[in-house]
Amino acid sequence: MRSHEAGAVHARAGDRGPTWLRTPEDPNELVSHLWASSVSKVDGVLTVAGESAIDLAEEFGTPTYVVDEDDFRRRARAFKEAFPAADVYYAGKAFLCVATARWVADEGLSLDVCTGGELAVALKAEFPAARIGMHGNNKSVAELRRALEVGVGRIIIDSVEEIARLRELTAELGVTASVLIRVTVGVEAHTHEYISTSHEDQKFGFSIAGGDALDAVRRVLAEPGLELRGLHSHIGSQIFVTDGFDVAARRILGVHAEVEKVFGVVLPELDLGGGFGIAYTTQDDPSTPADLASGMLKIVNDECAALGVRVPHLSIEPGRAIAGPSTFTLYEVGTTKSVSLDGGVFRRYVSVDGGMSDNIRPALYGADYSCTLASRTSDAPAVLSRVVGKHCESGDIVVKDEFLPDDVAAGDLLAVPGTGAYCRSLASNYNHVPRAAVVAVREGEARVIVRRETEDDLLALDIG
Ligand SMILES: Cc1ncc(COP(=O)(O)O)c(C=O)c1O
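For every chain, the first residue of its written sequence is number 1, and the numbers climb from 1 along that sequence. For a predicted model such as this one, the threshold for reporting local features is a pLDDT of at least 70, and the threshold for listing and counting side-chain atom pairs is 80 or more; totals across whole chains, interfaces and linings nevertheless cover every residue. Side-chain figures throughout are based on the complete set of non-hydrogen atoms in the structure, without hydrogens or water.

Draft legend 1. View of the sheet that holds strand β3 (residues 51–52). A pair of strands is labelled paired if DSSP reports no fewer than 2 bridges between them. Note on conventions: DSSP H or I runs of at least 4 residues are helices, E runs of at least 2 residues are strands, and numbering of each starts at the N terminus. As summarised here, the arrangement of the three strands in space is β1-β2-β3, forming an open sheet in which the pairing is antiparallel. Each edge of the open sheet is held by one strand with a lone partner, namely β1 (39–42) and β3. Bridge count between strand β2 (residues 45–48) and β3: two bridges; the pairing is antiparallel. Across the sheet, the residue bridging to Thr 47 is Ser 52, located in β3.

Draft legend 2. Representation of the pairing of strand β20 (residues 382–388) within the structure. Remark: exposure states derive from per-residue accessible area (1.4 Å probe, protein chains only) relative to the maximum for the residue type, with buried under 20%, exposed over 50%, and partly exposed in between. Judged by how many residues are buried, β20 sits mostly within the fold: six of seven residues are covered. Relative to β20, strand β18 (residues 346–352) runs parallel, the two sharing four bridges. Residue pairing in the sheet places Val 350 in a bridge with Val 387 of β20. Bridge count between β20 and strand β21 (residues 397–405): six bridges; the pairing is antiparallel. The partner of Val 387 across the bridge, within β21, is Val 399.

Draft legend 3. Quick peek at the environment of Pro 289. Take Pro 289: it is sitting in helix α9 (residues 289–307). Taking the C-alpha atoms as reference, Pro 289 lies 9.0 Å from Lys 80; in sequence the two are 209 residues apart. The contact partners of Pro 289, leaving out residues within four places of it in the chain, are Ala 78, Phe 79, Ala 82 and Phe 83. By the convention used here, residues are in contact when the closest approach between their heavy atoms is within 4.5 Å.

Draft legend 4. Examining the pairing of strand β5 (residues 87–91) more closely. Judged by how many residues are buried, β5 sits mostly within the fold: four of five residues are covered. Looking at chain direction, β5 and strand β16 (residues 313–316) are connected through two bridges and run parallel. Looking across to β16, one finds that Val 88 is bridged to Ile 316. For β5 and strand β6 (residues 110–113), the ladder comprises three bridges, and the chain directions are parallel. When the bridges of β6 are listed, Ala 91 appears paired with Asp 112.

Draft legend 5. Spotlight on the site of the ligand. Think of it this way: one heavy atom of a residue within 4 Å of a molecule or strand is enough to make that residue near it. Near the ligand there are 16 residues, and of these Gly 275, Glu 317, Gly 319, Arg 320 and Tyr 422 occur at the shortest range. Two N or O atoms form a polar contact when they lie within 3.5 Å of each other; inside protein one atom must be a possible hydrogen donor and the other a possible acceptor, and for residues adjacent in sequence the pair counts only when both atoms belong to side chains. Contact distances for the ligand include 2.8 Å between an oxygen atom and a backbone N or O atom of Gly 275. Within the contact set of the ligand, an oxygen atom lies 2.8 Å away from a backbone nitrogen or oxygen of Arg 320. Per-residue and other accessible areas were derived by the Shrake-Rupley procedure at a 1.4 Å probe size, with only the shown protein chains allowed to occlude residues. Across the complex, the protein chains shield 90% of the 390 Å² of accessible surface that the ligand would expose by itself. Residue composition of the shell around the ligand, grouped by class: four nonpolar, seven polar and five charged. Residue polarity is assigned by list, with Asp, Glu, Lys and Arg as charged and Ala, Val, Leu, Ile, Met, Phe, Trp, Tyr, Cys and Pro as nonpolar; anything else, Gly included, falls into the polar class.

Draft legend 6. A look at a nonpolar patch on the surface. Grouping into patches uses exposed residues only, defined as over 30% relative accessible area, and leaves out salt-bridged ones; the cut-off is 9 Å for like charges and 5 Å for nonpolar side chains (Val, Leu, Ile, Met, Phe, Trp, Tyr). Salt-bridge detection follows one rule: a side-chain nitrogen of Lys or Arg within 4 Å of a carboxyl oxygen of Asp or Glu. On the surface, a nonpolar cluster with roughly 310 Å² of combined accessible area is contributed by Leu 364, Tyr 365 and Leu 426. Considering the arrangement of structural elements, one finds Tyr 365 in helix α11 (residues 361–365).

Draft legend 7. Seen up close, the packing of aromatic side chains. Note on aromatic contacts: the rings of Phe and Tyr and the six-membered ring of Trp form a pair at centre separations within 6.5 Å, being stacked when their planes are under 30 degrees apart, edge-to-face when over 60 apart, and tilted otherwise. One pass over the full model with this rule turns up six aromatic pairs. When the centroid spacing of 5.3 Å and the interplanar angle of 40° are considered together, the rings of Phe 79 and Phe 276 count as tilted. Here Phe 276 lies in the loop between β15 (269–271) and α9 and Phe 79 lies in helix α2 (residues 69–82), a separation of 197 residues in the sequence. Residue class for Phe 276 comes out buried when judged on its relative accessible area of 1%. Put simply, the rings of Phe 72, Tyr 90 and Trp 103 touch in pairs and so form one group of aromatic residues. In this structure, Arg 182 packs its charged tip against the face of Phe 204, placed 4.3 Å from the ring centre. Only when the NZ atom of a Lys or the CZ atom of an Arg is both within 6 Å of the ring centre and within 35 degrees of the ring normal do we say a charge sits over the ring.

Here it is in C-alpha coordinates:
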(Lines give C-alpha, C1' and ligand atoms only; values in the text may rest on other atoms or scores of the structure.)
Protein backbone atom coordinates (compact mmCIF):
# COMPACT_ATOMS: atom_id res chain seq x y z
CA MET A 1 0.00 0.00 0.00
CA ARG A 2 1.62 3.36 -1.07
CA SER A 3 0.45 6.30 1.02
CA HIS A 4 1.44 9.78 -0.04
CA GLU A 5 -0.04 12.50 2.15
CA ALA A 6 3.24 14.43 2.25
CA GLY A 7 2.59 16.06 -1.10
CA ALA A 8 3.11 14.95 -4.66
CA VAL A 9 6.25 16.34 -6.03
CA HIS A 10 9.15 14.25 -4.79
CA ALA A 11 12.31 14.56 -6.79
CA ARG A 12 13.27 11.87 -9.21
CA ALA A 13 16.88 10.64 -9.04
CA GLY A 14 19.27 13.13 -10.66
CA ASP A 15 16.33 15.44 -11.38
CA ARG A 16 17.60 18.16 -13.74
CA GLY A 17 14.11 19.49 -14.37
CA PRO A 18 11.73 18.82 -17.27
CA THR A 19 13.25 18.08 -20.67
CA TRP A 20 11.74 21.23 -22.20
CA LEU A 21 13.48 23.46 -19.66
CA ARG A 22 16.81 24.70 -21.06
CA THR A 23 19.55 26.14 -18.90
CA PRO A 24 19.53 29.79 -19.99
CA GLU A 25 22.77 31.43 -21.04
CA ASP A 26 21.69 34.48 -19.08
CA PRO A 27 19.12 33.83 -16.30
CA ASN A 28 18.41 37.58 -16.15
CA GLU A 29 17.08 37.58 -19.70
CA LEU A 30 13.32 37.73 -20.22
CA VAL A 31 11.58 35.23 -22.53
CA SER A 32 9.58 38.03 -24.10
CA HIS A 33 6.50 36.11 -25.36
CA LEU A 34 5.71 35.05 -21.78
CA TRP A 35 5.24 38.64 -20.60
CA ALA A 36 2.84 41.53 -21.23
CA SER A 37 3.94 43.70 -24.13
CA SER A 38 5.25 46.63 -22.05
CA VAL A 39 7.35 44.50 -19.72
CA SER A 40 11.13 44.81 -20.00
CA LYS A 41 14.17 45.03 -17.78
CA VAL A 42 15.88 48.35 -17.15
CA ASP A 43 19.28 47.92 -15.47
CA GLY A 44 18.12 44.47 -14.40
CA VAL A 45 14.92 45.77 -12.81
CA LEU A 46 11.64 44.50 -14.24
CA THR A 47 9.57 47.37 -15.57
CA VAL A 48 5.98 47.47 -16.82
CA ALA A 49 4.43 50.43 -18.67
CA GLY A 50 7.21 52.59 -17.25
CA GLU A 51 6.78 51.45 -13.64
CA SER A 52 9.61 49.56 -11.94
CA ALA A 53 8.96 46.44 -9.90
CA ILE A 54 10.91 47.94 -6.99
CA ASP A 55 8.65 51.01 -6.86
CA LEU A 56 5.55 48.85 -7.24
CA ALA A 57 6.62 46.62 -4.35
CA GLU A 58 7.41 49.63 -2.18
CA GLU A 59 4.12 51.35 -2.92
CA PHE A 60 1.72 48.39 -2.99
CA GLY A 61 3.54 45.61 -1.13
CA THR A 62 3.84 41.97 -2.17
CA PRO A 63 2.51 39.57 -3.29
CA THR A 64 0.76 41.71 -5.87
CA TYR A 65 -0.80 40.93 -9.22
CA VAL A 66 0.43 43.58 -11.67
CA VAL A 67 -1.78 44.08 -14.75
CA ASP A 68 -0.58 45.87 -17.88
CA GLU A 69 -3.90 47.55 -18.77
CA ASP A 70 -2.98 48.33 -22.37
CA ASP A 71 -1.83 44.75 -22.91
CA PHE A 72 -5.16 43.43 -21.60
CA ARG A 73 -7.08 45.81 -23.85
CA ARG A 74 -4.91 44.95 -26.85
CA ARG A 75 -5.54 41.24 -26.41
CA ALA A 76 -9.29 41.88 -26.14
CA ARG A 77 -9.17 43.93 -29.35
CA ALA A 78 -7.12 41.23 -31.08
CA PHE A 79 -10.00 38.77 -30.66
CA LYS A 80 -12.51 41.31 -31.91
CA GLU A 81 -10.32 42.02 -34.93
CA ALA A 82 -9.74 38.30 -35.58
CA PHE A 83 -13.49 37.54 -35.34
CA PRO A 84 -14.97 40.81 -36.76
CA ALA A 85 -18.42 39.35 -37.47
CA ALA A 86 -18.69 37.47 -34.17
CA ASP A 87 -19.64 38.45 -30.63
CA VAL A 88 -16.60 38.08 -28.42
CA TYR A 89 -17.56 37.39 -24.80
CA TYR A 90 -14.72 37.91 -22.32
CA ALA A 91 -15.03 34.97 -19.90
CA GLY A 92 -15.10 36.76 -16.54
CA LYS A 93 -14.28 33.57 -14.65
CA ALA A 94 -10.64 34.07 -15.72
CA PHE A 95 -10.48 37.30 -13.71
CA LEU A 96 -13.23 39.81 -13.11
CA CYS A 97 -13.38 43.09 -11.25
CA VAL A 98 -15.10 46.40 -11.93
CA ALA A 99 -12.06 47.82 -13.75
CA THR A 100 -11.58 44.86 -16.11
CA ALA A 101 -15.32 44.74 -16.81
CA ARG A 102 -15.11 48.41 -17.85
CA TRP A 103 -12.06 47.75 -20.06
CA VAL A 104 -13.95 44.92 -21.76
CA ALA A 105 -16.98 47.16 -22.29
CA ASP A 106 -14.75 49.96 -23.62
CA GLU A 107 -13.18 47.63 -26.15
CA GLY A 108 -16.62 46.67 -27.43
CA LEU A 109 -16.62 43.08 -26.18
CA SER A 110 -19.43 41.24 -24.45
CA LEU A 111 -19.08 39.56 -21.06
CA ASP A 112 -19.63 35.97 -19.95
CA VAL A 113 -20.59 35.63 -16.26
CA CYS A 114 -21.35 32.34 -14.53
CA THR A 115 -22.69 33.31 -11.07
CA GLY A 116 -24.80 35.95 -9.36
CA GLY A 117 -21.58 37.33 -7.90
CA GLU A 118 -19.95 37.83 -11.29
CA LEU A 119 -23.18 39.44 -12.52
CA ALA A 120 -23.07 41.81 -9.52
CA VAL A 121 -19.54 42.92 -10.49
CA ALA A 122 -20.66 43.50 -14.08
CA LEU A 123 -23.63 45.57 -12.93
CA LYS A 124 -21.44 47.63 -10.58
CA ALA A 125 -19.25 48.34 -13.62
CA GLU A 126 -22.45 49.39 -15.45
CA PHE A 127 -21.71 46.79 -18.10
CA PRO A 128 -24.51 46.89 -20.72
CA ALA A 129 -26.75 43.98 -19.63
CA ALA A 130 -27.71 43.18 -23.23
CA ARG A 131 -24.06 42.28 -23.86
CA ILE A 132 -23.89 39.88 -20.91
CA GLY A 133 -24.20 36.10 -21.32
CA MET A 134 -24.99 34.09 -18.21
CA HIS A 135 -23.55 30.62 -17.79
CA GLY A 136 -23.71 28.10 -14.98
CA ASN A 137 -24.65 24.42 -14.62
CA ASN A 138 -26.78 25.15 -11.54
CA LYS A 139 -28.15 28.69 -11.76
CA SER A 140 -30.39 29.40 -8.78
CA VAL A 141 -33.86 30.92 -9.11
CA ALA A 142 -32.47 34.09 -7.51
CA GLU A 143 -29.60 34.31 -10.03
CA LEU A 144 -31.98 33.74 -12.96
CA ARG A 145 -34.46 36.28 -11.59
CA ARG A 146 -31.73 38.92 -11.29
CA ALA A 147 -30.49 38.13 -14.79
CA LEU A 148 -34.00 38.53 -16.24
CA GLU A 149 -34.77 41.65 -14.20
CA VAL A 150 -31.66 43.46 -15.44
CA GLY A 151 -32.16 42.20 -19.01
CA VAL A 152 -29.12 39.99 -19.51
CA GLY A 153 -28.67 39.42 -23.28
CA ARG A 154 -28.22 35.64 -23.33
CA ILE A 155 -28.84 32.87 -20.81
CA ILE A 156 -27.02 29.66 -21.67
CA ILE A 157 -29.30 26.85 -20.53
CA ASP A 158 -27.54 23.88 -18.96
CA SER A 159 -30.30 21.68 -17.46
CA VAL A 160 -33.95 20.63 -17.65
CA GLU A 161 -34.56 22.21 -14.23
CA GLU A 162 -33.37 25.51 -15.59
CA ILE A 163 -35.95 25.40 -18.40
CA ALA A 164 -38.69 24.98 -15.78
CA ARG A 165 -37.27 27.79 -13.62
CA LEU A 166 -37.17 30.10 -16.63
CA ARG A 167 -40.74 29.17 -17.57
CA GLU A 168 -41.92 30.29 -14.11
CA LEU A 169 -39.79 33.42 -13.99
CA THR A 170 -40.52 34.70 -17.49
CA ALA A 171 -44.25 34.25 -16.83
CA GLU A 172 -43.99 35.98 -13.45
CA LEU A 173 -41.87 38.88 -14.77
CA GLY A 174 -43.68 39.11 -18.10
CA VAL A 175 -40.42 38.99 -20.06
CA THR A 176 -38.95 36.82 -22.81
CA ALA A 177 -35.54 35.27 -22.21
CA SER A 178 -33.13 34.95 -25.12
CA VAL A 179 -31.38 31.65 -24.58
CA LEU A 180 -28.75 29.31 -25.97
CA ILE A 181 -28.58 25.62 -25.18
CA ARG A 182 -25.23 24.24 -24.01
CA VAL A 183 -24.46 21.03 -25.86
CA THR A 184 -21.71 18.61 -24.87
CA VAL A 185 -20.21 17.45 -28.11
CA GLY A 186 -18.02 14.61 -26.85
CA VAL A 187 -14.78 16.52 -27.39
CA GLU A 188 -12.29 17.41 -24.67
CA ALA A 189 -9.35 19.48 -25.81
CA HIS A 190 -6.18 20.60 -24.08
CA THR A 191 -2.99 22.07 -25.59
CA HIS A 192 -2.29 19.96 -28.71
CA GLU A 193 -4.39 16.96 -27.81
CA TYR A 194 -8.06 16.37 -27.87
CA ILE A 195 -10.08 13.31 -27.11
CA SER A 196 -13.35 12.75 -28.88
CA THR A 197 -15.84 10.38 -27.39
CA SER A 198 -19.44 9.59 -28.26
CA HIS A 199 -20.54 10.79 -24.87
CA GLU A 200 -19.24 12.99 -22.16
CA ASP A 201 -18.86 12.17 -18.53
CA GLN A 202 -19.12 15.67 -17.20
CA LYS A 203 -21.55 17.99 -15.41
CA PHE A 204 -22.07 20.56 -18.17
CA GLY A 205 -24.67 20.73 -20.91
CA PHE A 206 -26.93 18.37 -22.84
CA SER A 207 -25.22 15.46 -24.50
CA ILE A 208 -25.79 14.74 -28.18
CA ALA A 209 -25.69 11.05 -27.44
CA GLY A 210 -29.11 9.73 -26.41
CA GLY A 211 -30.87 12.76 -27.89
CA ASP A 212 -30.61 14.97 -24.79
CA ALA A 213 -29.63 18.01 -26.83
CA LEU A 214 -32.51 17.68 -29.28
CA ASP A 215 -34.87 16.98 -26.38
CA ALA A 216 -33.76 20.20 -24.72
CA VAL A 217 -34.39 22.07 -27.99
CA ARG A 218 -37.89 20.62 -28.18
CA ARG A 219 -38.60 21.66 -24.59
CA VAL A 220 -37.31 25.21 -25.08
CA LEU A 221 -39.18 25.71 -28.37
CA ALA A 222 -42.38 24.80 -26.50
CA GLU A 223 -41.87 27.61 -23.96
CA PRO A 224 -43.59 30.90 -24.92
CA GLY A 225 -41.29 32.85 -22.57
CA LEU A 226 -38.08 31.54 -24.10
CA GLU A 227 -36.59 32.59 -27.41
CA LEU A 228 -34.05 29.99 -28.60
CA ARG A 229 -31.19 31.83 -30.34
CA GLY A 230 -28.83 28.92 -30.84
CA LEU A 231 -26.50 26.28 -29.44
CA HIS A 232 -23.33 26.55 -27.36
CA SER A 233 -20.30 24.30 -26.84
CA HIS A 234 -17.12 24.73 -24.83
CA ILE A 235 -14.60 21.96 -25.22
CA GLY A 236 -11.75 22.66 -22.87
CA SER A 237 -8.96 24.99 -21.95
CA GLN A 238 -5.44 25.93 -22.83
CA ILE A 239 -6.07 24.80 -26.41
CA PHE A 240 -3.25 25.54 -28.87
CA VAL A 241 -4.61 24.25 -32.17
CA THR A 242 -8.02 24.10 -33.84
CA ASP A 243 -8.25 20.30 -34.20
CA GLY A 244 -10.61 19.95 -31.24
CA PHE A 245 -12.70 22.89 -32.41
CA ASP A 246 -12.90 21.18 -35.80
CA VAL A 247 -14.60 18.07 -34.40
CA ALA A 248 -16.70 20.11 -31.97
CA ALA A 249 -17.93 22.48 -34.68
CA ARG A 250 -18.87 19.56 -36.95
CA ARG A 251 -20.84 17.87 -34.19
CA ILE A 252 -22.66 20.95 -32.97
CA LEU A 253 -23.44 22.11 -36.51
CA GLY A 254 -24.84 18.64 -37.04
CA VAL A 255 -27.31 19.28 -34.22
CA HIS A 256 -27.90 22.82 -35.55
CA ALA A 257 -28.86 21.39 -38.96
CA GLU A 258 -31.00 18.71 -37.35
CA VAL A 259 -32.98 21.36 -35.46
CA GLU A 260 -33.77 22.96 -38.80
CA LYS A 261 -34.82 19.59 -40.29
CA VAL A 262 -36.78 18.27 -37.32
CA PHE A 263 -38.37 21.48 -36.00
CA GLY A 264 -38.19 23.70 -39.10
CA VAL A 265 -36.36 26.30 -37.01
CA VAL A 266 -33.30 28.14 -38.37
CA LEU A 267 -31.20 29.00 -35.32
CA PRO A 268 -29.58 32.41 -35.91
CA GLU A 269 -26.58 31.92 -33.59
CA LEU A 270 -23.81 29.51 -32.55
CA ASP A 271 -21.40 29.95 -29.60
CA LEU A 272 -18.15 27.98 -29.76
CA GLY A 273 -16.99 28.86 -26.22
CA GLY A 274 -13.46 29.66 -25.10
CA GLY A 275 -10.35 27.69 -24.25
CA PHE A 276 -7.70 29.54 -26.26
CA GLY A 277 -4.26 28.77 -24.85
CA ILE A 278 -1.40 31.00 -23.68
CA ALA A 279 2.31 30.52 -23.06
CA TYR A 280 3.26 29.88 -19.46
CA THR A 281 6.70 28.49 -20.19
CA THR A 282 9.10 28.02 -23.10
CA GLN A 283 7.39 24.70 -23.89
CA ASP A 284 4.11 26.44 -24.85
CA ASP A 285 3.41 27.65 -28.41
CA PRO A 286 -0.20 28.86 -28.53
CA SER A 287 -1.80 30.06 -31.77
CA THR A 288 -2.66 33.70 -32.26
CA PRO A 289 -6.31 34.82 -32.31
CA ALA A 290 -5.94 35.46 -36.05
CA ASP A 291 -4.68 31.91 -36.70
CA LEU A 292 -7.40 30.41 -34.54
CA ALA A 293 -10.01 32.55 -36.27
CA SER A 294 -9.06 31.61 -39.80
CA GLY A 295 -9.08 27.92 -38.83
CA MET A 296 -12.40 28.06 -36.95
CA LEU A 297 -14.23 30.24 -39.49
CA LYS A 298 -13.15 27.95 -42.32
CA ILE A 299 -14.39 24.91 -40.39
CA VAL A 300 -17.78 26.55 -39.75
CA ASN A 301 -18.21 27.79 -43.32
CA ASP A 302 -17.20 24.45 -44.86
CA GLU A 303 -19.42 22.48 -42.51
CA CYS A 304 -22.43 24.74 -43.14
CA ALA A 305 -21.91 24.41 -46.87
CA ALA A 306 -21.70 20.62 -46.51
CA LEU A 307 -24.87 20.59 -44.41
CA GLY A 308 -26.67 23.06 -46.66
CA VAL A 309 -27.45 25.45 -43.80
CA ARG A 310 -26.93 29.20 -43.46
CA VAL A 311 -23.80 30.17 -41.49
CA PRO A 312 -25.07 31.26 -38.05
CA HIS A 313 -23.88 34.39 -36.26
CA LEU A 314 -20.90 33.22 -34.19
CA SER A 315 -19.84 33.92 -30.61
CA ILE A 316 -16.67 32.94 -28.79
CA GLU A 317 -15.72 33.24 -25.09
CA PRO A 318 -11.99 33.74 -24.52
CA GLY A 319 -10.94 34.30 -20.93
CA ARG A 320 -7.39 33.11 -20.30
CA ALA A 321 -6.05 34.39 -23.61
CA ILE A 322 -7.13 37.96 -22.81
CA ALA A 323 -6.39 38.19 -19.09
CA GLY A 324 -3.60 35.63 -18.63
CA PRO A 325 -0.50 37.15 -20.26
CA SER A 326 -1.34 40.74 -19.28
CA THR A 327 -0.45 40.09 -15.64
CA PHE A 328 2.51 38.95 -13.58
CA THR A 329 2.67 38.32 -9.86
CA LEU A 330 5.36 40.13 -7.88
CA TYR A 331 6.69 38.34 -4.82
CA GLU A 332 9.39 38.99 -2.25
CA VAL A 333 11.82 36.19 -1.41
CA GLY A 334 11.85 35.23 2.24
CA THR A 335 14.12 32.21 2.47
CA THR A 336 16.24 29.97 0.26
CA LYS A 337 17.38 26.43 0.84
CA SER A 338 19.48 23.96 -1.15
CA VAL A 339 18.31 20.38 -0.98
CA SER A 340 20.71 17.77 -2.25
CA LEU A 341 19.13 15.16 -4.43
CA ASP A 342 20.59 11.89 -5.64
CA GLY A 343 23.53 11.93 -8.00
CA GLY A 344 25.12 15.02 -6.43
CA VAL A 345 22.43 17.23 -7.87
CA PHE A 346 20.70 19.75 -5.66
CA ARG A 347 17.54 21.75 -5.95
CA ARG A 348 17.29 25.29 -4.73
CA TYR A 349 14.07 26.03 -2.87
CA VAL A 350 13.13 29.69 -2.95
CA SER A 351 10.25 30.62 -0.62
CA VAL A 352 8.17 33.68 -1.44
CA ASP A 353 5.53 35.63 0.53
CA GLY A 354 2.59 34.15 -1.39
CA GLY A 355 1.84 30.71 -2.77
CA MET A 356 -1.15 28.51 -3.42
CA SER A 357 -3.49 31.12 -1.92
CA ASP A 358 -2.73 33.48 -4.82
CA ASN A 359 -2.04 30.83 -7.46
CA ILE A 360 -3.57 27.42 -6.88
CA ARG A 361 -2.99 26.15 -10.44
CA PRO A 362 0.38 24.42 -9.86
CA ALA A 363 -1.08 22.55 -6.88
CA LEU A 364 -4.48 21.96 -8.46
CA TYR A 365 -3.54 21.13 -12.05
CA GLY A 366 0.23 20.58 -11.88
CA ALA A 367 0.49 23.71 -14.01
CA ASP A 368 3.91 24.99 -15.02
CA TYR A 369 4.98 28.61 -14.67
CA SER A 370 8.13 30.60 -15.28
CA CYS A 371 9.86 33.16 -13.14
CA THR A 372 12.53 35.87 -13.22
CA LEU A 373 14.58 37.87 -10.72
CA ALA A 374 12.85 41.27 -10.88
CA SER A 375 14.82 43.61 -8.62
CA ARG A 376 18.43 43.43 -9.89
CA THR A 377 20.82 41.83 -12.33
CA SER A 378 22.88 38.86 -11.10
CA ASP A 379 26.15 37.56 -12.44
CA ALA A 380 25.72 34.29 -10.57
CA PRO A 381 25.28 31.09 -12.59
CA ALA A 382 21.78 29.70 -13.13
CA VAL A 383 20.64 26.92 -10.81
CA LEU A 384 17.59 24.68 -11.02
CA SER A 385 15.15 26.22 -8.59
CA ARG A 386 11.67 25.59 -7.23
CA VAL A 387 9.74 28.64 -6.13
CA VAL A 388 7.43 27.72 -3.27
CA GLY A 389 4.91 29.54 -1.13
CA LYS A 390 4.59 30.20 2.59
CA HIS A 391 1.68 27.83 3.16
CA CYS A 392 1.85 24.83 5.43
CA GLU A 393 1.56 22.38 2.54
CA SER A 394 4.35 20.61 0.66
CA GLY A 395 2.28 20.91 -2.51
CA ASP A 396 2.42 24.70 -2.12
CA ILE A 397 4.45 25.30 -5.26
CA VAL A 398 4.42 28.47 -7.34
CA VAL A 399 6.97 27.52 -10.02
CA LYS A 400 7.92 23.84 -10.18
CA ASP A 401 11.11 24.20 -12.20
CA GLU A 402 12.99 27.30 -13.31
CA PHE A 403 16.61 28.33 -13.62
CA LEU A 404 17.29 31.29 -11.36
CA PRO A 405 20.60 32.94 -10.43
CA ASP A 406 22.43 31.07 -7.69
CA ASP A 407 22.54 34.12 -5.44
CA VAL A 408 18.81 34.78 -5.17
CA ALA A 409 18.29 35.71 -1.54
CA ALA A 410 15.85 37.10 1.01
CA GLY A 411 14.64 40.56 0.02
CA ASP A 412 14.93 39.94 -3.73
CA LEU A 413 11.82 40.39 -5.84
CA LEU A 414 10.66 37.61 -8.18
CA ALA A 415 8.02 37.96 -10.89
CA VAL A 416 5.92 35.15 -12.36
CA PRO A 417 4.31 35.87 -15.75
CA GLY A 418 0.95 34.65 -17.03
CA THR A 419 -0.97 34.95 -13.76
CA GLY A 420 -3.84 37.08 -15.05
CA ALA A 421 -6.22 34.15 -15.44
CA TYR A 422 -7.52 31.68 -12.86
CA CYS A 423 -5.19 33.01 -10.18
CA ARG A 424 -6.89 35.90 -8.36
CA SER A 425 -10.23 34.41 -9.35
CA LEU A 426 -9.25 31.13 -7.61
CA ALA A 427 -7.47 32.85 -4.70
CA SER A 428 -8.18 31.71 -1.16
CA ASN A 429 -7.49 32.57 2.46
CA TYR A 430 -5.74 29.28 3.16
CA ASN A 431 -3.80 29.53 6.40
CA HIS A 432 -5.67 32.85 6.90
CA VAL A 433 -3.45 34.57 4.38
CA PRO A 434 -5.21 37.73 3.12
CA ARG A 435 -5.73 37.80 -0.64
CA ALA A 436 -3.25 39.85 -2.65
CA ALA A 437 -3.87 43.21 -4.27
CA VAL A 438 -4.35 43.74 -8.00
CA VAL A 439 -2.59 46.81 -9.41
CA ALA A 440 -3.13 48.12 -12.94
CA VAL A 441 -0.34 50.01 -14.69
CA ARG A 442 -0.76 52.26 -17.71
CA GLU A 443 1.52 54.96 -19.12
CA GLY A 444 3.65 55.13 -16.00
CA GLU A 445 0.65 55.34 -13.69
CA ALA A 446 -0.14 52.53 -11.23
CA ARG A 447 -3.39 52.19 -9.31
CA VAL A 448 -5.05 49.57 -7.14
CA ILE A 449 -8.04 47.99 -8.89
CA VAL A 450 -8.65 45.32 -6.22
CA ARG A 451 -7.32 46.22 -2.78
CA ARG A 452 -5.30 43.84 -0.65
CA GLU A 453 -7.35 42.05 1.97
CA THR A 454 -6.40 42.81 5.56
CA GLU A 455 -6.49 40.62 8.65
CA ASP A 456 -9.35 42.85 9.79
CA ASP A 457 -11.26 41.80 6.66
CA LEU A 458 -10.72 38.16 7.62
CA LEU A 459 -11.65 38.78 11.25
CA ALA A 460 -14.74 40.73 10.24
CA LEU A 461 -16.22 37.40 9.08
CA ASP A 462 -15.26 35.61 12.26
CA ILE A 463 -18.25 35.92 14.60
CA GLY A 464 -16.41 34.20 17.44
C1 LIG B 1 -18.47 28.04 -20.94
C2 LIG B 1 -17.08 28.57 -20.87
N3 LIG B 1 -16.75 29.56 -21.71
C4 LIG B 1 -15.53 30.12 -21.67
C5 LIG B 1 -14.56 29.70 -20.79
C6 LIG B 1 -13.22 30.38 -20.80
O7 LIG B 1 -12.21 29.52 -21.05
P8 LIG B 1 -10.74 30.09 -21.25
O9 LIG B 1 -10.46 31.01 -20.11
O10 LIG B 1 -9.88 28.88 -21.24
O11 LIG B 1 -10.74 30.83 -22.56
C12 LIG B 1 -14.86 28.66 -19.89
C13 LIG B 1 -13.83 28.16 -18.96
O14 LIG B 1 -13.98 27.28 -18.22
C15 LIG B 1 -16.16 28.09 -19.94
O16 LIG B 1 -16.50 27.10 -19.09
